[in-house]
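# Residue-level structure breakdown
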Amino acid sequence: MRACGWFGWVLVTIVAVTVAPPMPGGAVPVRSAAGVDPVLEIAPTSWWMVPANASVFRAVWTGIPPECNLTSDWYRWSTPGPTVGGVLNATDDATANFSAATVASGTTELELRSAATEACSGAQTAVVGTAFANVSVDAPLAILNATAGPNPEATGTVAGFSGTVAGGWPPYVLRVTWDDGTVGWANLSAPGPFSLAHRYAAGRYVPSVVVADADGLVANATAAEPLTVGDGLEAAIAPSSYTAEVGVPDAFRVAVLNGTAYSWAEVCEEGTDVAAAGSDPALNCTFEHPGRATVSVSLDQFATGPANTTASLSLPVEGPLAVSVAAPGAPAEVGGTTAVPVTLAGGVPPFRLTWSEVGNRSAGATTVYADGTLELPFAPVEPGEDDLSVVAVDAVGATAAAVSPDLPVAAPLDAGDAARSELAGGATRVLGALSILAGAAPFEWDVSATAAASDAGPLTGSLAAPGDVVWNATFPGAEPPNVTVVVVDAAGSVWVGSLVFPPTPPLRAQVRTAAGATGLLDLTVVTTGGVPPVRLWVNTSAGTAWNATVPADGDGKWAVPVDASGNLTVSATVVDAAGRAVTNTSHVVLPPPAAAPTPPPPPAPSAPNEGWVAPLVVSAACVAVGVGVWRLRRHAPAPTPSPPPDARGVLRQIIHACDGVDRATVELLAEEDGLPVESARAELDRLIADGTVRSEVGSNGVEILAWANLEAP
């Protein structure tokens, strides 16, 4: 099996099998979604027929659970072996017609292949089955070349009665009426010759035989020429064949009893031949017209005194032997068998047929006992074009040959498929491709899965030649179902591809917590498996609620602002796109907030303008140190009394100079500038509310601030 070369993102392992024929009456199913294997059968599974009859055979799926529905996608009927018993008129639906032939009795095996889709509680399964049925055909029961002899014969000697049983269904029982008041019995296990012996008194006798086969059919025959038994001058005609053929010489020997010297005359159908006297007269007759002919002989004996006798024989004359070969109804394929129709006409049965594929050694042979149409197996060994050569030889040695039309031979059915899946909105989207690489065109294909599909592209179709097909389907849930792809070609070969998607690895998460800088919780999360994207949700015993997206590499670190100190319980939950969650609970001790800076000593009472001394900002620049953002500042060498700080002005100097700073840092720097944290928070909320300060939450969940209104406070 070869995978699709253009499908660069193949993520699955493909298993392909050619369905092998099981035992007759069985099936080769793919495991049903309901845990029960539906079975394909042919109804009837066995049947008995006689020539000129035709019967309809029907496909039946059984073993379907009550809660399931099964829809057939296609059928392929064929005869895998030689069918001397009849001809299958195959269809592409659930029925086929089989017509019994007259060439011979035998059993013909019918083969049926089918694919169906079984739906059980929303899950779908592709089911492929192969079934067989046996058709027993009774060709007409007949007795060929019934003769008694030697003829004539002397009184008291033993005579024989012989012939050939053809058609019917063995074994056979024979009853011979000797025409002298006695009967004889014989058994025959198979079609073919029989012979019985009997001792006669003087006289002329016409023995006859009745044969009954295993199915109760009966046939009878009488000796082609009366048997003469006596002690005087007697004569009889013994042909080389009691059935003649147009254009083939038939040799006749005249047997004489109790005669020494005589003259004789002979008459064939076409004229008279006169020969000189002799003791062993013989003649050859070549007939020009089919039907019946009479051969006669008259004898005059002089050695013992005047005496004469006559003998005559009436026999059937068949037309010339002919054989023809037609193209098969189904394409030929390497590794398979195709039935090729062959028709015999004329000639003298039985017929020996031999056939071979032109250019190789494969051959077959069979014997049939009547003319008509039969099908011979054609099993090519290499792709290209081939021919079937057929030679027929009849009972009188006539030969006819024919070669079939050119038979295209396809390479064995070969295909490849591949698929990938992706998660979208809680459902699994499966994108697949099928490449039919070789086989007998046209092809039919279908896709089914162990779950019901929605939003599906074409999941069944046909191709007139090898090529590629793209298909897609959406299935509920995060796990892709098992998908089965089935291809059947015109020769009846079946290819099955099973796409088994590996299950998504389970979600695993490790969460570590530690105390960070003042008011911050250091959080580290490591995840494996699951279906991305993966989200993190954090809740603390202090009422903090925070979330973030875990990076694709599965390792993320954050500093989570927490307005608490002391013992803290942290619950961290990791949730993947399939809804699977892992929760970790941990405990951490956070340090108390940093002590407020010691205010400068109050000025002496006598000094004017006593009060708060504002720090001197050296620069409006900010630098990143560790986790936070810090300002560079210094104190004036001699404190200058000033009024208490204006909250809006302090916050503007921090946020505008350090644009993009996080809120926790803003509050910390404001406190260093002498603005109480509570005042800073209240003022920040007002500035954010009126749009003076923009507030955004970054990818790590931290609130970022920027001064929007640059006007002076």
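Residues numbered from 1 in each chain as written. Predicted model: local features only at pLDDT ≥ 70, side-chain atom pairs only at ≥ 80, totals over all residues. Heavy atoms only, no water.

### Re the overall build of the protein chain
What counts here: Counting from the N terminus, the helices are the DSSP runs of H or I reaching at least four residues and the strands are the DSSP runs of E reaching at least two. Each residue gets one of three labels from its accessible area relative to the maximum for its type: buried under 20%, exposed over 50%, partly exposed in between, using a 1.4 Å probe on protein chains only. Contacts are residue-level and defined by heavy atoms, with any inter-residue pair within 4.5 Å sufficient. Here the open area of atoms and residues is found with the Shrake-Rupley method and a 1.4 Å probe, where only the protein chains shown may cover a residue.
Along the backbone of the protein chain there are 3 helices and 56 strands. In the protein chain, which comprises 713 residues, the share counted as buried stands at 43%. When contacts within the protein chain are restricted to residue pairs at least 6 apart in sequence, long-range pairs at least 24 apart make up 63% of them. Of the roughly 32200 Å² of accessible surface on the protein chain, 55% is carried by carbon and sulfur atoms.

### Focus on helix α2 (residues 663-672)
Listed in full, the buried residues belonging to α2 are R663, T665, V666, E667, L669 and A670. Positive phi appears at G674, one or two residues downstream of α2, with a value of about 90°.

### Notes on the nonpolar core
Heads up, the condition is: We call a set of buried residues a nonpolar core when its members are Ala, Val, Leu, Ile, Met, Phe, Trp, Tyr or Cys and they connect through side-chain atoms within 4.5 Å of each other.
Membership of the largest hydrophobic core comes to 27 residues, with the highest contact counts inside it found for L321, V323, V342, L344, F378 and V390. Contributions of two or more residues to this core are made by β28 (322-325), β30 (338-345), β31 (351-357), β33 (372-378), β35 (388-393), β36 (399-403) and β37 (407-410). Apart from residues lying up to four places away in sequence, V323 is in contact with V342, T343, L344, V390, A400, A401 and A402. With 23 residues, the next largest nonpolar core counts V176, F194, A223 and L227 among its residues.

### Section: the packing of helix α1 (residues 647-657) against α2
Let me state the cut-off plainly: As a rule, the C-alpha atoms of each element are fitted with a line to give its axis, helices using only the stretch in contact, and angles between N-to-C directions run from 0 to 180 degrees. Note that the term roughly parallel is reserved for angles under 35 degrees, roughly antiparallel for angles over 145, roughly perpendicular for angles of 65 to 115, and oblique for everything else. By convention the crossing between two helices is left-handed if the near helix lies anticlockwise of the far one by an angle smaller than a right angle, and right-handed if it lies clockwise.
It is the contact of α1 with α2, at a shortest axis distance of 10 Å, that shows an interaxial angle of 130°. Here α2 runs oblique to α1, going by the angle between their axes. As for the relative orientation of α1 and α2, their crossing is right-handed in sense. Contacts between α1 and α2 involve V650, L651, I654 and I655 from the former and V666, L669 and A670 from the latter.

### Observations regarding the confidence of the model for the protein chain
If pLDDT is low for a region, its predicted coordinates should not be looked at in detail. The following threshold applies: A residue's pLDDT is simply how confident the predictor is in it, with values from 0 to 100.
For the protein chain, mean pLDDT is 78; residues scoring 70 or higher make up 80% of the total. The low-confidence segment residues 1-34, where pLDDT is below 50, has 111 contacts with residues more than four positions distant or belonging to other chains. Between residues 623-638, whose pLDDT stays under 50, and residues either more than four places distant or in other chains, the model counts 39 contacts.

### Notes on the packing of aromatic side chains
Threshold: Side-chain rings of Phe, Tyr and Trp, where Trp is taken by its six-membered ring, are said to pair if the distance between their centres is within 6.5 Å; with planes under 30 degrees apart they count as stacked, over 60 as edge-to-face, and otherwise as tilted. A ring is considered to have a charge above it if a Lys NZ or an Arg CZ atom is located within 6 Å of its centre and within 35 degrees of its normal.
One pass over the full model with this rule turns up 5 aromatic pairs. Summarising the aromatic geometry, the rings of W178 and Y200 are spaced 6.2 Å apart at their centres and angled 80° between planes, so their arrangement reads as edge-to-face. Here W178 is found in the loop between β13 (172-177) and β14 (183-188), whereas its partner Y200 is found in the loop between β15 (192-199) and β16 (203-205), with 22 residues between them in sequence. A network of ring pairs unites the aromatic residues F161, W178, F194, Y200 and Y205 as a single cluster. A cation over an aromatic ring shows up here: R535 above the ring of W537, its NZ or CZ 5.6 Å from the ring centre.

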